[in-house]
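# Observations on the three-dimensional arrangement
So you can see what is in the structure, the chains are spelled out below.
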Amino acid sequence: MSAENRSAERPPAESRSAAGPAAESPAAGTPSPGHPSPEGRFESDPAAGDARPYDQGAWWRDAVVYQVYPRSFADANGDGEGDLPGVLSRLDHLADLGVNAIWLSPFYPSPLADGGYDVADYCDVDPRYGTLADFDALVAGAAAKNIKVIVDIVPNHCSAEHPWFRAALAAGPGSPERERFVFRDEPNNWQSVFGGPAWTQVADGQWYLHLFDSAQPDWNWRHPDVIAMFEGVLRFWLDRGVAGFRIDVANMLFKQDGLPDVVPGSQSGPLMPGQTAVPYEHQPELLELYRSWRKILDSYPGDRGTVAEMWFDTDQARPYLTGDGLAQLFNFGLMPTPWSAEEFRTVIDESHRLARETGGSIPWVLGNHDVPRMVTRFGVDQDLVRAPTPEVLLGRMDVDVELGTRRARAAALLLLALPGGAYIYQGDELGLPEHLAIPDEARRDPMFERTLRTFMGRDGCRVPLPWSGTAAPYGFGAVDVPAPGAPDPEGAPDPEDVPGAQGALGARGTWLPQPEDWAGLTVAAQRADPASTLNLYRAALAIRRDHPALGDGDLTWLDTPPGVLAFARDPGFTLMVNFGSVPVPLTRHRDVLLASGPLDGDLLPPDTGVWLS
């Protein structure tokens, strides 16, 4: 491999001078684990040893992790896009919220064909987000507040601008460079998850596979160079002190030998699981790959972990969680579930049973950067959640934001009371609704165009966060929110009224437009309101942190009227959520710890949750 190609996988030496907390300097002339050898190949660590069983007390088993979508979290330089210094500047918000860790969505060099999930260099920071020194400062700053950092790894595909793919295009059919990807002379019938064919033809007549956008060619995971490169990538970020990795589309890396056609009808819609097995999901080679990754993580101190993004049924998930497999699989089952006690109970039972039978960990999720926000999902006719119409896919629907907010607040108490870990998507702690009115010309998600504009895409949940002020950009580009415990911000000048406060942002605006009605949803406004969604999350996380019944463990369902869920957790904790339309009596209790909304004496109103002792 040439030095030019190696540069995509390792940044120049001078840019790596700031070592992470776990880094050690290798002896001169000796490739350190995960660094290129003189021949340009990544070297594995021969001392990694056998994987040990994951400790049942590992931090990630009951951690609350906050997903940071860096481009939309906070903007430190006023260019309209979030960045790593912006995240660093807002760590007080996350510490005050009470989360245990943050997961950073991709911040690597990328043309942003798919929001950064098209990676051109796995071992550097995109200049729009900062530098490796900024990343190190963020890890150190988070550690000082007892917050761990998880980073995204994107192993199924890279960017079409990745040097190895550019070399493959230049080298031509049959070349060693093309063997790192999936090229063939004729395409099969596979469809892209984003819509349209999964194959694109190049100038010499061959076709390359991209299960997502055409700017995201799939790696060939049967090639040793690909395996070795990603081992090096893991070690690079572990050396910089990350606590673990979120593995993007973790079930799709290996493709079945021969690339057979899929059975007609077995591929489902964008970002939804298929109903039958397809030849690019859950291939048996994945298990051995993830065992090897686990050995790498286990060679570092501190219970480093992984959480895998995959849609699965219980039979598919079991092999990953048993023995020395993956640490965690995301539990996505609640995200597409309508507001229904019976349907929530079914998902919870299946997932909790799987975790207990395997000893694995399946953290609960109600929102992320790929799905409409909770307030909007729960604020529409729930039959439209079960069977979205073409109008719904384009965001053309009536949303009862007040109703959706009540339900989202109750769902938050359910999420944080369930056994195991939980993930919170940025902005859910503010009760943000989906931004459905983004103009077509402002949309950035490739799914919008690849589905021929029949699906609005995911931009509406990725809009920059509102921090303060009464109009866009709501403090997104200025660090002007008082620290927790500071005086009430009411009366402070809006950033729009402070000369220079927004830098270039005042003229350019945010990279995605913000709604005009978010003034009451800003961090500053909600911090000053004791009944706000932000303060509900803060209170819930504080109780969860201190209550001995919460976190990892078990639950016992209680008898309830139809439309109500209630479970007990020992010692001395009960959750109730009323999914129904009429008030119901509270179960026997000593104290009310926290409620998602006002109670009616000893009655639990509709669309309300409560924690009892």
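Residues numbered from 1 in each chain as written. Predicted model: local features only at pLDDT ≥ 70, side-chain atom pairs only at ≥ 80, totals over all residues. Heavy atoms only, no water.

### Describing helix α4 (residues 132-144)
End to end, α4 covers 18 Å across 13 residues, agreeing with the expected 18 Å (1.5 Å per residue, within 8%). Of all the residues in α4, the buried ones are L132, F135, D136, L138, V139, G141 and A142. Capping the start of α4, T131 holds a side-chain oxygen 3.3 Å from the backbone nitrogen of A133, two or three residues further along. Looking at the residues trailing α4, positive phi occurs at N146, about 60°. (Helix = DSSP H or I, 4+ residues; strand = E, 2+ residues; numbered from the N terminus. Expected span 1.5 Å × (residues − 1). Buried < 20%, exposed > 50% of the residue type's maximum accessible area, 1.4 Å probe, protein only. Polar contact = N/O pair within 3.5 Å; in protein donor to acceptor, adjacent residues only side chain to side chain.)

### A word on the pattern of salt bridges
This model, assessed by the stated rule, comprises 35 salt bridges. The residue R222 makes a salt bridge to E285 at a minimum N-O spacing of 2.7 Å. One end of the pair, R222, is in the loop between β6 (207-209) and α6 (224-239); the other, E285, is in helix α7 (residues 285-298), and 63 residues separate them in sequence. Looking at R222, the relative accessible area reads 35%, which means it is partly exposed. Judged by relative accessible area, E285 falls into the partly exposed class, the value being 27%. Residue R345 is joined to D349 by a salt bridge in which the shortest nitrogen-to-oxygen separation is 2.8 Å. Taken as a pair, R345 and D349 lie in helix α9 (residues 341-358) at a separation of four residues, close to a single helical turn. For R345, a relative accessible area of 31% puts it in the partly exposed group. We classify D349 as partly exposed; its relative accessible area is 23%. Connected via shared salt-bridge partners are D114, D370, D445, R458 and R462. (Salt bridge = Lys/Arg side-chain N within 4 Å of Asp/Glu carboxyl O.)

### Some thoughts on the confidence of the model for the protein
Looking at the protein, pLDDT values average 87 and 84% of them are 70 or higher. Note that pLDDT drops below 50 for residues 1-54; the model gives that stretch 106 contacts with residues more than four away or on any other chain. Contacts of residues 486-507 to residues separated by more than four positions or lying in other chains number 36 contacts, the stretch itself having pLDDT below 50. (pLDDT = per-residue confidence, 0-100. Contact = heavy atoms within 4.5 Å.)

### Thoughts on the packing of helix α13 (residues 401-417) against helix α17 (residues 533-546)
It is at 10 Å that the axes of α13 and α17 come closest, and there the two elements cross at 15°. Relative to α17, the element α13 lies roughly parallel. Here α13 runs over α17; the crossing is right-handed. Residue-level inspection shows T405, R409, A412, L413 and L416 of α13 in contact with α17, the latter providing T533, L536, Y537, A540, L541 and R544. (Axes fitted to C-alpha atoms, helices over the stretch in contact; angles between N-to-C directions. Parallel < 35°, antiparallel > 145°, perpendicular 65-115°, else oblique. Left-handed = near helix turned anticlockwise from the far one by under 90°.)

### Topic: the packing of aromatic side chains
Scanning the model with the defined rule gives 35 aromatic pairs in all. Centroid distance Y122 to F230: 4.9 Å. Interplanar angle 70°. Geometry classified as edge-to-face. With a gap of 108 residues between them, Y122 in the loop between β2 (101-104) and α4 and F230 in helix α6 connect regions that are remote in the sequence. What makes F230 buried here is its relative accessible area of 0%. When the ring of W219 is compared with that of F230, the centres are 6.1 Å apart and the planes differ by 85°; the resulting orientation is edge-to-face. Of the two residues, W219 sits in the loop between β6 and α6 while F230 sits in helix α6, which places them 11 residues apart along the sequence. The cationic tip of R71 hangs over the ring face of W511; the distance from NZ or CZ to the ring centre is 3.8 Å. (Phe/Tyr/Trp six-rings, centres within 6.5 Å; stacked < 30°, edge-to-face > 60°. Lys NZ or Arg CZ within 6 Å of the ring centre and 35° of its normal.)

### Notes on the side chain of D118
For D118, the location among the structural elements is in the loop between β2 and α4. Of the side chains with opposite charge, R128 comes closest to the buried, unpaired D118, at an N-O distance of 8.3 Å. Of the polar contacts made by the side chain of D118, one reaches the backbone nitrogen of A113; its length is 2.7 Å. Leaving out residues up to four positions away in the same chain, D118 has contacts with P109, S110, P111, L112, A113, C158, S159, A215 and Q216. (Lys, Arg positive; Asp, Glu negative; His and termini not counted.)

### Some thoughts on unusual backbone geometry
The residue after A472, namely P473, is reached through a cis peptide bond having omega 10°. Here P473 shows up in the loop between α14 (446-450) and α15 (505-508). The residue after D570, namely P571, is reached through a cis peptide bond having omega 0°. In this structure, P571 sits in the loop between β13 (564-569) and β14 (573-578). In this structure, L452 is a non-glycine residue whose phi angle is positive, near 55°. Position of L452 relative to the elements: it lies in the loop between α14 and α15. Judged by its relative accessible area of 72%, L452 falls in the exposed class.

### Thoughts on the nonpolar core
Soluble, globular proteins show a tendency: their nonpolar side chains are buried together. Counting 143 residues, the largest nonpolar core has Y66, F107, F135, W219, W237, Y290 and W611 as its most contacted members. Element by element, the count of residues in this core is highest for α13, at nine residues. Residues W199, L209, L259 and V262 belong to the second largest nonpolar core, which totals 17 residues. (Core = buried A, V, L, I, M, F, W, Y, C linked by side-chain atoms within 4.5 Å.)

### Let's talk about the pairing of strand β18 (residues 608-612)
Most of β18 sits inside the fold, with five of its five residues counted as buried. With burial as the criterion, each face of β18 is covered, one bearing T608, V610 and L612 and the other bearing G609 and W611.

### Thoughts on the sheet that holds β6
Taken in spatial order, the three strands make up an open sheet running β4-β6-β5, and their pairing is antiparallel. Two strands in the sheet have a free side with no partner beyond their single neighbour: β4 (183-184) and β5 (199-201). Here β5 runs beside β6; their pairing, made up of three bridges, is antiparallel. Bridging from a neighbouring strand, T200 pairs with Y208 of β6. (Pairing = 2+ DSSP bridges.)

### Side note on the packing of helix α8 (residues 314-321) against α9
Geometry of a packed helix pair, given as the angle between the helix axes and the separation of the axes. For the pair α8 and α9, interaxial distance at closest approach is 10 Å and the crossing angle is 30°. Where α8 crosses over α9, the two elements pack in a sense that is right-handed. Residue-level contacts link T314, A317, R318 and L321 of α8 to E350, L354, E357 and T358 of α9. Broken down by class, the residue content of the contact of α8 with α9 amounts to three nonpolar, two polar and three charged. (Nonpolar A, V, L, I, M, F, W, Y, C, P; charged D, E, K, R; others polar.)

### A word on the environment of A95
Tracing the sequence through the fold places A95 in helix α3 (residues 91-97). Considered as a pair, A95 and I147 are 52 residues apart in the sequence and their alpha carbons are 7.4 Å apart. Not counting the four nearest positions on each side in its chain, A95 is found in contact with K145 and I147.

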